[in-house]
Amino acid sequence: MKHILILTIIILFSSATSPLSSQEDSFVKDYLERLENSRKYLILVAETMPEDKYDFKASPESLSFAENLMHIGYAIDWHSQSLLGGRESRVWKTDTVFKVANKSKKDMITTIDKTFDEAISLIKAFDTKQLDDELDYFGLNRSKRQIFMLLADHITHHRGQMLVYMRLNELTPPRYVLFQ
């Protein structure tokens, strides 16, 4: 009788926690699909802009097309490797990986692609039990689940600026609908 009671408790507990685990796994699975699509679209945007337009800025205080691209890479690295993965943050002022200087268009695209690879590898191994863990994000408490979403928004924000730069140079950006 005691074994049946213990077995019943285990079954009930397992069924009560399964939907949560399933939702968390679905969140990461859906996020990875979104991140892969974001990568494909960003790289297509970067490939479509002619290299001689990579220095284009909408205004003197704006980031250039190339600086937006490398800034996205830095943000992917920081959000994934440092905030989600716990690695020491790169120092923007001294970091050379994500600086435009001395990089060709091909070099920058290669850097972005590699950064997406590293982020995706980390996220695939991410312990979903940590999704509700909170950390400081510019003085605000944010869960790691929110960090995932903030990263996606950040990529979209800067990629949107890059699309405007393409339009200002009379170029037609690649269609987004294919990446939804």
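The preceding data block contains the structure.
This write-up is about the structure you can find in this document. (Residues numbered from 1 in each chain as written. Predicted model: local features only at pLDDT ≥ 70, side-chain atom pairs only at ≥ 80, totals over all residues. Heavy atoms only, no water.)

Backbone geometry at N102 places phi at a positive 65°, although glycine is not the residue there. Relative to the helices and strands, N102 resides in the loop between helix 2 (65–84) and helix 3 (105–124). Since its relative accessible area comes to 80%, N102 is described here as exposed. Even without a glycine there, the phi angle at E170 is positive, about 60°. By secondary structure assignment, the location of E170 is in the segment after helix 4 (144–168). Assessed through its relative accessible area of 76%, E170 is described here as exposed. (Helix = DSSP H or I, 4+ residues; strand = E, 2+ residues; numbered from the N terminus. Buried < 20%, exposed > 50% of the residue type's maximum accessible area, 1.4 Å probe, protein only.)

Under the counting rule described, the total for this entry stands at twelve aromatic pairs. Ring plane angle 70° and centroid distance 4.7 Å describe the contact between Y74 and W92, whose orientation is recorded as edge-to-face. With a gap of 18 residues between them, Y74 in helix 2 and W92 in the loop between helix 2 and helix 3 connect regions that are remote in the sequence. Geometrically, the ring pair formed by F126 and F148 is edge-to-face, given 5.3 Å between the ring centres and 80° between the ring planes. (Phe/Tyr/Trp six-rings, centres within 6.5 Å; stacked < 30°, edge-to-face > 60°.)

All right, on to the packing of helix 2 against helix 4 then. At a closest axis distance of 9 Å, the pairing of helix 2 and helix 4 adopts a crossing angle of 175°. By the angle between their directions, the pair helix 2 and helix 4 is classed as roughly antiparallel. (Axes fitted to C-alpha atoms, helices over the stretch in contact; angles between N-to-C directions. Parallel < 35°, antiparallel > 145°, perpendicular 65-115°, else oblique.)

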